[in-house]
Amino acid sequence: MKTPVMHAYHKEILEQIKQCAAETNTPLQQGNRYVGTGKPIYLLKAAVIGEIFREFKDRHADLKQKEFVALLDSLALGRTYNEYVSIGILLGKYPQLRAALDPHCLDRWLEHAQGWAENDVICQFNFSAEEMLADWKTWKSLLTAFTKDANVHKRRASLVLLTKPLRESDDVRLAKLAFANVDKLKHEKDILITKAVSWVLRSLIKHHRTDLEAYLEANADSLPKIAIRETRVKLKTGTKAGRVRRE
């Protein structure tokens, strides 16, 4: 199989990462158990990473849609963790280009994810309720398909991608899809799924509290115990289990 050619902007980003690693004496480690990746990783500080991408945005403020997609496709195939998570950072840096993306790009990128952090840097903060609802037919079809995918990162994404929109909007379509996707995945034991089930249920509290409480009551025997516990704690206290406010 022919090796894909690295996009020029991908090469630029990687060179900046390597330069910053050298300047800060940050070695390349083989994998990181905490973030769940087996890829090589430079454990650069968040401030250093932030500066790399602020400067990239300054240099390429006029990045075009086709270039943007090609860059993210290239980064998804990168050897290191740092290259892969650059996808999520760039999605945040270019909101107009992100909003114009075909959601099916996620299907390509998530094929190469390893661990919760690589999944969530793309899926957690980027796609808004407004963006999702503007192309609801496509998003609903994609997230429904993800629940049946053999790749656990896509199954996780079917839940995590809904967490931000659920907190932003009371649109019942989002809630219905969230409950439907939880139903399809609630019997799985993989922590990538059980924690995502808990997360999406807690995201329903703001706009769909009554429906959520009824769902918990009806499904108490089939939902992951961690999801039941964390969701009930947040319903009662307003915080996640383990972060209860002291009186």
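Every chain begins its residue count from 1, and numbering advances along the sequence as written. Totals for whole chains, interfaces and linings use every residue, but because this is a predicted model, local features are given only for residues with pLDDT of at least 70 and side-chain atom pairs only at 80 or more, for both listing and counting. Note: side-chain values were computed over all heavy atoms of the structure, leaving out hydrogens and water.

### Examining the packing of aromatic side chains
Short version of the rule: Aromatic pairing here means that ring centres of Phe, Tyr or Trp (its six-membered ring) are within 6.5 Å. Orientation follows from the plane angle: under 30 degrees is stacked, over 60 is edge-to-face, and everything else is tilted. Secondary structure elements are defined from DSSP: runs of H or I of at least 4 residues count as helices, runs of E of at least 2 residues count as strands, and each element is numbered from the N terminus. Burial classes follow relative accessibility: with a 1.4 Å probe on protein chains only, a residue under 20% of its type's maximum area counts as buried, one over 50% as exposed, and anything between as partly exposed. Placement of a charge over a ring requires the Lys NZ or Arg CZ to be within 6 Å of the ring centre, with the centre-to-atom vector within 35 degrees of the ring normal.
Evaluation of the coordinates by the stated rule reveals five aromatic pairs. On the basis of an interplanar angle of 55° and a centroid distance of 5.5 Å, the ring pair of Phe68 and Tyr94 is categorised as tilted. Pair noted here: Phe68 is in helix H3 (residues 65-76) and Tyr94 is in the loop between helix H4 (81-93) and helix H5 (95-99), with a separation of 26 residues, a long-range link. Neither Phe68 nor Tyr94 differs from the other in exposure class; each is buried. The lysine or arginine in question, Lys57, covers the ring of Tyr94, its NZ or CZ lying 4.9 Å from the ring centre.

### Concerning the packing of helix H10 (residues 152-168) against helix H11 (residues 172-185)
How we decide: Orientation is described by lines fitted to C-alpha atoms, with helices fitted over the stretch in contact, and by angles between N-to-C directions that extend from 0 to 180 degrees. Roughly parallel covers angles under 35 degrees, roughly antiparallel covers those over 145, roughly perpendicular covers 65 to 115, and oblique covers all other angles. Whether a crossing is left-handed or right-handed is set by the direction in which the near helix is turned from the far one by less than a right angle, anticlockwise for left-handed and clockwise for right-handed. In what follows, residue pairs with any heavy atoms lying within 4.5 Å of each other are defined as contacts. All residues other than Ala, Val, Leu, Ile, Met, Phe, Trp, Tyr, Cys, Pro, Asp, Glu, Lys and Arg, Gly among them, are scored as polar; the first ten of these are nonpolar and the last four charged.
Two elements in contact, H10 and H11, have axes separated by 10 Å at closest approach and are oriented at 155°. Here H10 lies roughly antiparallel to H11, going by the angle between them. Crossing geometry of H10 relative to H11 is assigned as left-handed. Residue-level contacts link Arg155, Ser158, Leu159, Leu162, Pro165 and Leu166 of H10 to Leu174, Ala175, Leu177, Ala178, Asn181, Val182 and Leu185 of H11. Across the contact of H10 with H11, the residue classes tally to ten nonpolar, two polar and one charged.

### So, the confidence of the model for the chain
As a reminder of what qualifies: Values of pLDDT, the confidence the predictor places in each residue, fall between 0 and 100.
Averaged over every residue, the pLDDT of the chain is 94; residues scoring 70 or more account for 96%. Every residue in residues 243-247 is under pLDDT 50, and counting partners more than four places away or in other chains gives five contacts.

### Things to note about the pairing of strand S2 (residues 37-42)
Filter applied, for reference: Strands are labelled as partners when DSSP assigns at least two bridges between them.
Taken across its six residues, S2 has five buried, putting it largely inside the fold. As paired elements, strand S1 (residues 28-32) and S2 share four bridges and run antiparallel to each other. If you follow Gln29 over to S2, its bridge partner there is Ile41. Counting the residues in the hairpin turn of S1 and S2 gives four residues, including Gly36, whose phi is positive at 85°.

### Description of a positive patch on the surface
Under the convention used in this document: Patch membership needs two things, relative accessible area over 30% and no salt bridge, and members are linked within 9 Å if like-charged or within 5 Å if nonpolar (Val, Leu, Ile, Met, Phe, Trp, Tyr). In this description, accessible areas are obtained by the Shrake-Rupley approach with a 1.4 Å probe, and a residue is regarded as covered only by the protein chains that are shown. Take a side-chain nitrogen of Lys or Arg and a carboxyl oxygen of Asp or Glu: if they are within 4 Å of each other, that pair is a salt bridge. Neither His nor the chain ends is counted toward charge; the positive residues are Lys and Arg and the negative residues Asp and Glu. To locate a charge, the coordinates of NZ of Lys, CZ of Arg, CG of Asp or CD of Glu are taken.
Residues Lys140, Lys148, Lys176 and Lys184 make up a contiguous surface patch of positive charge. With respect to the element layout, Lys148 can be found in the loop between helix H9 (136-146) and H10.

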